[in-house]
Amino acid sequence: MKAIISNQPGSFPFQGFFLALGLGVSLITARADAPSRPADYYTETFRPQFHFTPAKNWMNDPNGLVYYAGEYHLFYQYNPFGNTWGHMSWGHAVSPDMVHWQHLPLALPEADGVMIFSGSAVVDWNNTSGFGRNGQPPMIAIYAGYRAADNLQFQNIAYSNDKGRTWTKYAGNPVINLNSHDFRDPKVQWHEATHRWIMTVSLAADHKVQFYGSPNLKEWTLLSEFGPAGATSGVWECPDLFELPVQGTREKRWVLAVNMNPGSVAGGSGGQYFIGQFDGTRFAADLDETLQPTPAVVPEGTVIADFEGSDYGDWKTTGEAFGPGPAHGVLGDQNPVAGYLGHGLVNSYYHGDGTQGTLTSPVVSLIHPYVNFLIGGGSQKETCMNLLVDGKVVRTASGQDAEQLDWHSWDVHEFAGQNAVFQIVDHATGGWGHINVDQIMEADSPAHSASEAALWFDYGKDYYAAVSWSDVPKSDGRRLWLGWMSNWQYGGDVPTSPWRSAMSIPREVGLRRTSEGIRLVQKPAREMESLRDRHFAFPGGDLAKANVWLADQRIQGQQLELLVELAPQTTGVAGVKVLKGAKEATVIGVDHSSGRVFVDRSQSGNVGFNLQFPGLQDAPLPRVTGRIQLHIFVDACSVEVFVNNGERVITDLVYPSADSKGVEFFGPEETTKIRSAEVWTLKSAWH
Ligand code: FRU
């Protein structure tokens, strides 16, 4: 058994507990992998071939990313006992190149009722902690402990003297305890100038990051706080702090990356960042770079309902929550409500959160491809607006636990010409048990919320909890990171088995001065090139020629890398479809008229497992004149799209049929020009 759970005998009562119950077999599941690889290894439906996945069970955030003695370590949030979140522990894998991974036994299991939440790892080169042995520096893990019994989160450390294979938890844990329910995800680094350790850690519900300093990783002193700032509609999680040169200059800046859930730019979980200075004590954002507020974008359209009347007109209520008619701002003791248009809005805080009910529209015939509306209030499933077609809920949206209404958009083009009904629902009675809605419109393009004012490092729905590798040698010099390729909205529902979730590909981050200011850019780590297999190159031409080339070369597959350059146009939507089958495709392209780049997964395959899954994610096209370059990685159940040398990234999960392998360029026949295209088939990293 010791070989399976390789921690010190006796140090984890949890292990003893399961042995005592005679459940030794379930310990086998605590290994993220089997030692030998059978022929059908990693061949299940939707199994990524070059992304990291655990062999089985649930995974979320990457943790403890550290490089040591020729190995990139990846620890990760892992439930050893099942395929949904729970019993969080640290799984472990190592790789020489961040591409080919070897699974190792569980590193830090939940024990004594304390789950091992997210955190980081460092090499303590100077043995400041005193945990080193035989002149070798120890590896130290710094993680949030989460005790469900009293719902407290606090910072703990553990050390390893054998390259992360076995771990001992520090007897003096916790090293920081604020008796807080939302204090997690410590990221530690050695700060050379002040000669001490710095911990960047999140006060999640306060939208704050705290910085602590320590001489030895055991005693910590609060140095400063940052926030609230930028986007604050969700909890702040998994922060990271690192310094980078601004490409092509002698300048340097610090980047504070803050993951946030929900309320990210694409909905649900996502990541924002701040650019500024860190002096060893305090992070100060460069205001000019960080927040140039861009207002919401609201295209003109046909109003379906603006709730300006004294009653609901043809809309029908059930229950009490919606009162006799539209509200005019706050109801009762409600906090200030803002962001609605005109005087009236739907506000189900009638007689407080305790009331419930529904408000249903008459039948509306959908004509335009988008429905845009303002929504605020509770974020739960029970406080929402639904769109029903043929009596079935086909779209849903909730607030962000804020009274403020913000724009939301549904792509409904597949229902054009059909009859639909809007239903606003309040089936909740507790905190945030109400919903605010206003200005429901049909339009030809989507509305964009003001949350875009923050800086986002990914505009897709599936890049979360991104953190960077520590201790990458100076001679290498890169800042490398990856993220959890999923979203808390539906991560527990995705149709994969016996595992759930993948990490993104490893990416190199940089800073570039763009026309918008200094911005974070990302590119695939160069190690990804080792997977390239067959290569195809298209010298350029119009749409028809490009598609003849794809067909002649028989280019297809579910593991592909594409590098496509499109000629800019003033109108039209053009790009490339991947994972294309008879009735489905993942559509990646550029809307030239609105200047946006997008991934549309609304008809990408299985999208029905969660109502918040189908749809389109897009980003403003970086303003680089004369150039639209899409660098795309396709792997079984995901696409990662790097736009114009990584000035925008869109990461999205998709669940296509096994035979949806096609690639096809699309766009207006007359104007679409493919300036160049390269395609590689990619090898599996697991076989
Ligand atoms: C982020 C997160 C972290 C927490 C971990 C728990 O996805 O919520 O804040 O430490 O997951 O699994």
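Bear in mind that the values here come from a model prediction, so they are computed numbers and not experimental data.

For the rest of this paragraph, the subject is the overall build of the chain. For the chain, the count of helices and strands is four helices and 45 strands. Taking 687 residues into account, the globule formula puts the C-alpha radius of gyration at 26 Å, and the chain, at 25 Å, falls close to it. Taken over 687 residues, the chain has a buried fraction of 61%. The contacts of the chain with a sequence gap of at least 6 include a subset with a gap of at least 24, amounting to 66%. Accessible surface, the chain: about 25,400 Å² in total, of which carbon and sulfur atoms supply 51%.

On to the sheet that holds strand S15 (residues 252-261). Read from one edge to the other, the open sheet built from four strands follows the order S14-S15-S16-S17, with strand pairing classed as antiparallel. Among the strands making up the open sheet, the edge pair consists of strand S14 (235-245) and strand S17 (283-285). Pairs of neighbouring strands in the sheet enclose a mean axial angle of 40°, with direction left out of account. Sheet topology places S15 next to strand S16 (residues 270-278); seven bridges connect them, and they run antiparallel. Paired with Trp254 across the strands is Gly276, a residue of S16.

Looking at the ligand, the residues that line it are Asn60, Asp61, Gln77, Trp85, Met88, Phe117, Ser118, Arg184, Asp185, Glu237, Tyr464 and Trp488. One of the side-chain N or O atoms of Trp85 is found 2.9 Å from an oxygen atom in the ligand. Contact distances for the ligand include 3.0 Å between an oxygen atom and a side-chain N or O atom of Glu237. Burial of the ligand by the protein amounts to 95% of the accessible area it has alone, namely 310 Å². Put simply, the parts of the chain that give the shell around the ligand at least two residues each are strand S1 (57-68), strand S5 (114-123) and strand S10 (183-191).

As summarised here, the arrangement of the five strands in space is S40-S39-S38-S37-S44, forming an open sheet in which the pairing is antiparallel. Whereas interior strands pair on both sides, the edge strands pair on one side only; in this sheet they are strand S40 (616-620) and strand S44 (662-666). Going across the sheet, the axis of each strand differs from the next one's by a mean of 10°, ignoring polarity. Relative to S40, strand S39 (residues 596-600) is paired through five bridges, and the arrangement is antiparallel. What sits directly across from Asp600, in S40, is Leu616.

Further remarks concern unusual backbone geometry. Cis geometry marks the peptide bond from Asn173 to Pro174, where omega comes out at -5°. By the secondary structure assignment, Pro174 is in the loop between strand S8 (168-169) and strand S9 (176-180). Following Gly227, the chain continues to Pro228 via a peptide bond in cis, the omega torsion being -5°. In this fold, Pro228 is placed in the loop between strand S13 (221-226) and S14.

A few words now on the domain arrangement of the chain. As far as domains go, the chain holds domain 1 (3-14 + 23-293 + 456-510), domain 2 (301-443) and domain 3 (530-682). A separation of 38 Å is found between the C-alpha centroids of domain 1 and domain 2.

Further remarks concern the pairing of strand S27 (residues 419-426). Across the eight residues of S27, six count as buried, placing the element largely inside the fold. Bridge count for strand S22 (residues 364-365) against S27 is two bridges, and the pairing is antiparallel. Each residue of the ladder has a partner; that of Val364, found in S27, is Ala420. Direction of pairing for strand S24 (residues 383-389) relative to S27: antiparallel, over a ladder of seven bridges. Bridge pairing in S27 places Val389 opposite Ala420.

Take the pattern of salt bridges next. Counting across every chain of the model gives 25 salt bridges. Two residues, Glu251 and Arg253, come together in a salt bridge whose shortest N-O distance is 3.2 Å. Glu251 gets classed as partly exposed once you look at its relative accessible area, which sits at 29%. The residue Arg648 makes a salt bridge to Glu516 at a minimum N-O spacing of 2.9 Å. One end of the pair, Arg648, is in strand S43 (residues 648-653); the other, Glu516, is in the loop between strand S32 (507-514) and strand S33 (517-524), and 132 residues separate them in sequence. Side by side, Arg648 and Glu516 carry an identical accessibility label, which is buried. A single salt-bridge network, built from bridges that share partners, covers Glu251, Arg253, Asp286 and Arg513.

Bringing the nonpolar core into the picture now. Counting 54 residues, the largest nonpolar core has Phe211, Leu256, Phe283, Leu562, Ile588 and Phe665 as its most contacted members. Shared between two domains, this core takes at least three residues from each, and those domains are domain 1 (3-14 + 23-293 + 456-510) and domain 3 (530-682). Ile588 has contacts with Gly575, Val576, Val578, Phe598, Val599, Leu630, Ile632, Val639, Val641 and Phe666, leaving out every residue within four places of it along the chain. In this structure, Tyr72, Val99, Leu482 and Ala685 belong to the second largest nonpolar core, which totals 44 residues.

Another aspect to go through is the environment of Lys169. By the element assignment, Lys169 lies in strand S8. A sequence separation of 441 residues divides Lys169 from Asn610, and the C-alpha atoms of the two residues are 39 Å apart. Within the structure, the side chain of Lys169 is placed 3.2 Å from the backbone oxygen of Pro109, a separation counted as a polar contact.

Criteria and thresholds
Residues numbered from 1 in each chain as written. Predicted model: local features only at pLDDT ≥ 70, side-chain atom pairs only at ≥ 80, totals over all residues. Heavy atoms only, no water. Helix = DSSP H or I, 4+ residues; strand = E, 2+ residues; numbered from the N terminus. Rg over C-alpha atoms; globule rule 2.2 N^0.38 Å. Buried < 20%, exposed > 50% of the residue type's maximum accessible area, 1.4 Å probe, protein only. Contact = heavy atoms within 4.5 Å. Areas by Shrake-Rupley, 256 points an atom, 1.4 Å probe, with all protein chains shown as cover. Pairing = 2+ DSSP bridges. Axes fitted to C-alpha atoms, helices over the stretch in contact; angles between N-to-C directions. Near = heavy atom within 4 Å. Polar contact = N/O pair within 3.5 Å; in protein donor to acceptor, adjacent residues only side chain to side chain. Domains from an automatic or database assignment. Salt bridge = Lys/Arg side-chain N within 4 Å of Asp/Glu carboxyl O. Core = buried A, V, L, I, M, F, W, Y, C linked by side-chain atoms within 4.5 Å.

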